[in-house]
Amino acid sequence: MPKPPFDQAELFADAARRAASFRETLPNRLQRPLADYAGMLRRLAAPTPETGLPAGEVIAALDAQMQPGLHAMAGGRFFGWVIGASHPVGVAADWLTSAWGQNAGNHQASPAAAAAEAVASGWLLDLLGLPQEASVGFVTGATVANFVCLAAARSEVLRRVGWDVEADGLFGAPPIKVVIGDDAHTTVFSALQLLGLGHDRVVRVATDPQGRIEAEAFAVALKAGEGPAIAVLQAGQINTGASDPFRRLIPFAHRHGAWVHVDGAFGLWARASAQTAQQVDGVEEADSWATDGHKWLQTPYDCGYAIIRDGKAHRRAMTAAASYLPEVADGERDPSHFVPELSRRARGFASWAMIRHLGRSGIAAMVARHCTLARRMAERLQAEPGVAIVNEVCLNQVAVRFGSDLPMAEGDALTHAVIARLQADGTCFAGGAKWRGLAIMRLSAISWATDDEDADAAVAAILRAWLACRG
């Protein structure tokens with residue numbers, strides 16, 4: 001094999017030094033990008049290169065050129081979008097994954113990748129208190145996890161009425177009724193769209209003030225009509241953190257022959273801590289679950305899990321067959337049988353590493369700590385006149401309204417102004433959302449790096465912004 005015209009060890013070491021330097025600067029840098037999208041386009045615009053640069057110069061240029069457009073997502077004062085912070089152990093495992101260059105399509109191509117997924121799957125099911133017989137697909141995130149789970153649901157509910165959707169598609173198939181809460185996450189609707197089930201032809205069910213499905217409305221929706229049905233429930237509403245009443249909803253859905261899927265992108269991890277597990281009590285009785293690794297497990301991005309009780313339905317919906325692919329014997333597992341891709345990244349290594357590093361106790365402590373921090377922030381913010389917390393802080397989400405004593409339009413304007421001022425200030429980062437027609441600031445405490453000092457600094461910055469905007 002020809003040797004590269006540069007020192008690989010030095011190239012990798014240089015990249016590691018630059019990465020460590022970036023992480024070390026996070027606590028003291030502005031908690032926002034210095035350049036916006038338009039600015040980065042101007043910065044990077046150049047003709048197509050006709051000749052190449054030496055390897056070391058490419059990495060140096062990449063680092064220098066991209067730095068202004070990078071967000072401080074891996075730091076302790078990032079509270080936006082419910083995303084984790086790429087723990088250093090997971091990053092190091094991910095670097096090795098890239099260096100090893102393994103195609104995780106099948107168990108013969110990379111026995112290590114397939115075995116790491118198999119072992120990490122068992123650990124995940126144990127940590128989340130889900131059925132040990134369930135199968136797990138390692139996907140890019142909860143969006144694709146929802147897609148995979150709902151593909152298996154579609155396959156199974158149609159199989160029960162004599163229709164093979166994998167062979168015959170949806171043309172002429174019995175219609176599937178999809179019952180879903182009014183406050184379900186947009187990624188579930190995207191998955192339904194991609195699966196040909198439509199994002200608008202669903203039966204939307206009323207929810208309570210925290211976004212939980214109303215049991216009575218759910219019962220009415222399922223009782224109406226006959227035929228195959230899928231019920232989509234939620235663990236961790238994106239704005240409030242609330243979860244559906246699984247103990248009431250799942251048995252009822254099963255009595256009516258529905259497949260029950262749970263979108264638990266971050267809320268399913270409440271199962272990992274004794275302090276929060278009761279919030280998702282009964283979720284283990286569902287048929288499938290979608291969750292993220294790059295949220296509460298703190299893996300690098302491109303990591304989610306599609307978990308399905310019926311392994312046959314899972315494989316039926318996902319397996320691709322070809323004469324050149326190896327056969328799978330009893331006890332063997334091909335990663336590609338559980339996800340849409342054939343060639344893909346070996347996602348199991350980082351998951352294995354993070355679970356091995358944190359352990360059951362570390363994950364439980366982190367979930368509990370973030371929920372405690374969320375309550376701490378909510379209490380301090382709510383003590384300020386004109387500031388209201390509009391959700392029950394049951395998990396790690398805090399929904400903040402400014403100008404709460406003012407008419408809606410004025411409160412909306414003030415809330416937007418506080419968010420803009422906070423983001424410009426750069427002490428911490430938080431984004432906005434709409435909840436029950438009102439503009440809110442949404443705080444998500446989910447970074448492994450966030451501690452009491454970060455939470456207090458964020459609250460102080462938010463209150464400074466509020467006082468300045470209130471005038």
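Residues numbered from 1 in each chain as written. Predicted model: local features only at pLDDT ≥ 70, side-chain atom pairs only at ≥ 80, totals over all residues. Heavy atoms only, no water.

Q: Would you mind going over the overall build of the chain with me for this structure?
A: In terms of helices and strands, the chain carries 14 helices and eleven strands. For the chain, whose C-alpha radius of gyration is 24 Å, the value lies close to the compact-globule estimate of 23 Å for 471 residues. Taken along the three principal axes of its C-alpha coordinates, the chain extends 70 × 65 × 45 Å. Among the 471 residues that make up the chain, the fraction classed as buried is 52%. The contacts of the chain with a sequence gap of at least 6 include a subset with a gap of at least 24, amounting to 73%. Only carbon and sulfur atoms are counted for the fraction: they give 57% of the accessible area of the chain, which is about 20,600 Å². (Helix = DSSP H or I, 4+ residues; strand = E, 2+ residues; numbered from the N terminus. Rg over C-alpha atoms; globule rule 2.2 N^0.38 Å. Buried < 20%, exposed > 50% of the residue type's maximum accessible area, 1.4 Å probe, protein only. Contact = heavy atoms within 4.5 Å. Areas by Shrake-Rupley, 256 points an atom, 1.4 Å probe, with all protein chains shown as cover.)

Q: Can you help me understand empty space enclosed by the protein in this one?
A: To find leftover empty space, one rolls a probe the size of a water molecule over the atoms. Under the criterion given, the structure shown has two cavities of 30 Å³ or more. The computed volume of the largest cavity comes to approximately 70 Å³. Contributing to the lining of the largest cavity are 15 residues, with Gly181, Ala184, Leu233, Gln234 and Asp244 lying nearest its centre. At the level of elements, β2 (177-181) and β4 (229-234) are the ones that each hand at least two residues to the lining of the largest cavity. Ranked by residues supplied to the lining of the largest cavity, first place goes to β4 with three residues. (1 Å grid on protein atoms, 1.4 Å probe; cavity = no way out; pocket = protein on both sides within 12 Å on 5 of 7 lines; lining within 4 Å. Points joined across faces, edges and corners; volume = space filled by probe spheres on them.)

Q: Would you take a moment to explain the pairing of strand β7 (residues 304-308) for this structure?
A: Two faces make up the sheet, and in a regular strand the side chains alternate between them. For β7, the buried fraction is high: five of the five residues fall into the buried class. Burial along β7 is two-sided: the residues Gly304, Ala306 and Ile308 and Tyr305 and Ile307 are all buried. Pairing analysis gives five bridges linking strand β1 (residues 135-139) to β7, with the strands arranged antiparallel. Residue pairing for β7: Phe138 is matched across the bridge by Tyr305. In this structure, strand β6 (residues 288-292) lies alongside β7, joined through five bridges in antiparallel fashion. Each residue of the ladder has a partner; that of Asp292, found in β7, is Gly304. (Pairing = 2+ DSSP bridges.)

Q: Looking at this structure, how should I read the environment of Leu125?
A: Summarising the element assignment, Leu125 is placed in helix α5 (residues 111-128). With relative accessibility at 2%, the residue Leu125 sits in the buried group. A sequence separation of 182 residues divides Leu125 from Ile307, and the C-alpha atoms of the two residues are 8.5 Å apart. Those residues in contact with Leu125 that lie beyond four places of it in its chain are Leu130, Pro131, Gln132, Ala134, Val136 and Ile307.

Q: Could you clarify how one ought to interpret the side chain of Ser288 in this entry?
A: Summarising the element assignment, Ser288 is placed in strand β6. A polar side-chain atom of Ser288 sits 2.8 Å from a polar atom in the side chain of His261. Setting aside chain neighbours within four positions, we find Ser288 in contact with Cys149, Trp259, Val260, His261, Val262, Ile307 and Ile308. (Polar contact = N/O pair within 3.5 Å; in protein donor to acceptor, adjacent residues only side chain to side chain.)

Q: What is the right way to read the state of the cysteines from this model?
A: As used in these notes, a disulfide is a covalent bond between sulfur atoms, one from each of two cysteines. Summed over all chains, the structure comprises zero disulfides. With no disulfide of its own, Cys149 lies closest to Cys303 among cysteine sulfurs, the gap being 14 Å. Residue classification places Cys149 among the buried positions, given a relative accessible area of 0%. (Disulfide = S-S within 2.5 Å.)

Q: Would you mind going over the packing of aromatic side chains with me for this structure?
A: Where two aromatic rings form a pair, the distance of their centres and the angle of their planes describe that pair. This model, assessed by the stated rule, comprises eight aromatic pairs. Centroid distance Trp100 to Phe349: 5.0 Å. Interplanar angle 80°. Geometry classified as edge-to-face. Here Trp100 is found in helix α4 (residues 88-100), whereas its partner Phe349 is found in helix α12 (residues 348-382), with 249 residues between them in sequence. With relative accessibility at 12%, the residue Phe349 sits in the buried group. The ring of Trp435 carries the charged tip of Arg436 above its face, separated from the ring centre by 4.2 Å. (Phe/Tyr/Trp six-rings, centres within 6.5 Å; stacked < 30°, edge-to-face > 60°. Lys NZ or Arg CZ within 6 Å of the ring centre and 35° of its normal.)

Q: Is there a simple way to think about the pattern of salt bridges in this case?
A: Think of it this way: side chains of opposite charge can pair up when their charged atoms draw near. Per the stated rule, a full pass over the model turns up 30 salt bridges. A salt bridge links Glu10 to Arg17, with the nearest nitrogen and oxygen atoms 2.6 Å apart. Take Glu10: its relative accessible area is 40%, and that puts it in the partly exposed class. Measuring nitrogen to oxygen at the nearest pair gives 3.7 Å for the salt bridge that ties Arg77 to Asp454. With a gap of 377 residues between them, Arg77 in the loop between α3 (55-66) and α4 and Asp454 in helix α14 (residues 452-470) connect regions that are remote in the sequence. Note on Arg77: relative accessible area 13%, which makes it buried. Asp454 gets classed as buried once you look at its relative accessible area, which sits at 11%. Here the salt bridges do not stand alone but share partners, grouping Glu10, Asp14, Arg17, Arg18 and Asp63 into one network. (Salt bridge = Lys/Arg side-chain N within 4 Å of Asp/Glu carboxyl O.)

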